[in-house]
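Structure at a glance
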Amino acid sequence: MTTYSAAERAAMTRALTLAVSPDVPVGLHARVGCVLVADDGSTVAEGYHRGAGTPHAEADALQRAGSAARGTTAVVTLEPCNHTGRTGPCAVALVEAGVRRVVYAQADPNPVAAGGADTLRAAGIEVVGGLEEAAAREVNRIWMFAVAHQRPFVTWKFATTLDGRSAAADGSSRWISSTASRRDTHRLRARCDTMLVGTGTIAVDDPLLTVRDDDDQPLARQPLRVVMGERDLDPASRVLGDDAETLHLRTREPAVALAELFARGRHRVFLEGGPTLAAAFVRAGLVDEIVVYVAPLLLGSGLNAVADLGITTIADAFAPVVTDVTVLPGVDGEQPNVRLTLAPGKDR
C-alpha cells in the first residue's frame, strides 16, 4: 500500500487549487498544478499551467525553484508528460532538475503524452501515483472526455415556457427567461471554450454571443463563436464583429462540426442554437449535458424548444436523467425561474 506524508497530502491539495486558478483557460488543455516539497516538508516552489504555449506546471515550478529543486519531491495533479509539443517533456525536465521523488494524482489519459512515469523511473526517480486521483479527475472531467471521445463535450442550453415553447407565434422570444437566468447563462458560457449556434439563429436574433458579467460587461477572455450551417451570413451580423473570434462552419452535420472543433483544440461546446440545430445534435447522440431554464409562462402556440426528433411513440421518448434542480430567484419583481440540469440516458 502506497503511503504519503502529511506534507505531500497538503501539497496535493494546494496543487489542485493551483490547477483551477482563475487565469487558466477553460477546456482547451488539461489543468495542472505542481508543488515542489523539501525533505523537511516545506514548500520550495509551486507552479501551474496557464494555457497553450506557456510552461507546464512542472516547468513553471522548476523555473521558480532554480537550483533549489534538486532533491525535492514534485507533487503534481497529472502524470508528467513525456512528449515534445510547444514545450519540452516535463518528465525530462524533472530528471534534469534532480528531483528525488514524484507524486502524481492521475495517470495521463492522452496516449500522445503518456509514459512520463516510466521515463522518471528509468532515471532512478521514485514515482507513485493515485493521491487524490478522484479530485484530479473532476478538475479535468471535460478534458478527459474530449481526449477519450476525440470530440468536444456538448452542453445544450435552452429556455422554455411551461408548455415547451421557445418563442411565441409571432416569433418573439425576448425575454422568456428571467434576468437571473440570463446571468446564470453567462456564468455557464464562461466555462466553455466554444459557443455554437446555427445560421438561422444569426439571421433571426442577430446575437452577439459574448460572455458578460453581472454588470453586463464583457469578460477579458471570450469563447470562440461558431456558426454552423451552409447559408451565407449577413456581413453586418453582430457575431462577425471584433468582440470575439468567430468561425463559420459550412456544414449541417453535428459530427463533422465537432470533429473540426476538436482538431482546432476545442474541448467544451455550449450549444445555444435553435430547435432545428438542437434536434440534429440530439438525434445524432451528440448532446452530453442539457441545461434548461423553465419560466412560469404559458403560450399555447409558437416555436417548440426542439424540432422533430423522429419519435412517434411514448416508449421511444428521449428521457434524460435529472442531475440538478435549482430555483433562480426573481430580480426586480420578476417571477423565479427553474434551472434543470440533465444528462442523457445510458442508451444515448
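Below you will find a few notes about this structure. Because the structure is a prediction, the values reported are computed rather than measured.

**Here's the deal with helix H3 (residues 90-97)**
Those residues of H3 not exposed but buried are Cys90, Ala91, Leu94 and Ala97. Projection of H3 onto a plane perpendicular to its axis shows the buried side chains occupying an angular sector of 130°, all on one side. Structurally, H3 contributes buried residues whose contacts are with helix H2 (57-65), strand E3 (73-78), strand E4 (101-106) and helix H4 (116-122). Looking at the residues trailing H3, positive phi occurs at glycine 98, about 80°.

**Section: the sheet that holds strand E8 (residues 194-198)**
The eight strands are arranged E10-E9-E8-E11-E6-E12-E15-E14 in an open sheet whose pairing can be described as mixed. Every other strand in the sheet has two partners, leaving strand E10 (246-249) and strand E14 (321-328) as the edge strands with one partner each. The sheet shows a mean angle of 20° between the axes of neighbouring strands, taken without regard to direction. Pairing analysis gives six bridges linking strand E6 (residues 153-160) to strand E12 (residues 289-294), with the strands arranged parallel. Note on E12: the bridge partner recorded for lysine 157 is valine 291. Contacting E6, E8, strand E11 (268-271), E12, E14 and strand E15 (337-343), helix H7 (residues 179-189) crosses the sheet at an angle of about 165° to E12.

**Details of the packing of aromatic side chains**
Throughout the structure, instances matching the rule amount to two aromatic pairs. Centroid distance phenylalanine 145 to phenylalanine 153: 5.2 Å. Interplanar angle 85°. Geometry classified as edge-to-face. Judged by its relative accessible area of 15%, phenylalanine 145 falls in the buried class. The buried category is assigned to phenylalanine 153, whose relative accessible area is 6%. The residue whose ring lies beneath arginine 50 is tyrosine 48, and the NZ or CZ to ring-centre distance is 3.8 Å.

Definitions and cut-offs
- Residues numbered from 1 in each chain as written.
- Predicted model: local features only at pLDDT ≥ 70, side-chain atom pairs only at ≥ 80, totals over all residues.
- Heavy atoms only, no water.
- Buried < 20%, exposed > 50% of the residue type's maximum accessible area, 1.4 Å probe, protein only.
- Helix = DSSP H or I, 4+ residues; strand = E, 2+ residues; numbered from the N terminus.
- Arc of directions from axis to C-beta.
- Contact = heavy atoms within 4.5 Å.
- Pairing = 2+ DSSP bridges.
- Axes fitted to C-alpha atoms, helices over the stretch in contact; angles between N-to-C directions.
- Phe/Tyr/Trp six-rings, centres within 6.5 Å; stacked < 30°, edge-to-face > 60°.
- Lys NZ or Arg CZ within 6 Å of the ring centre and 35° of its normal.

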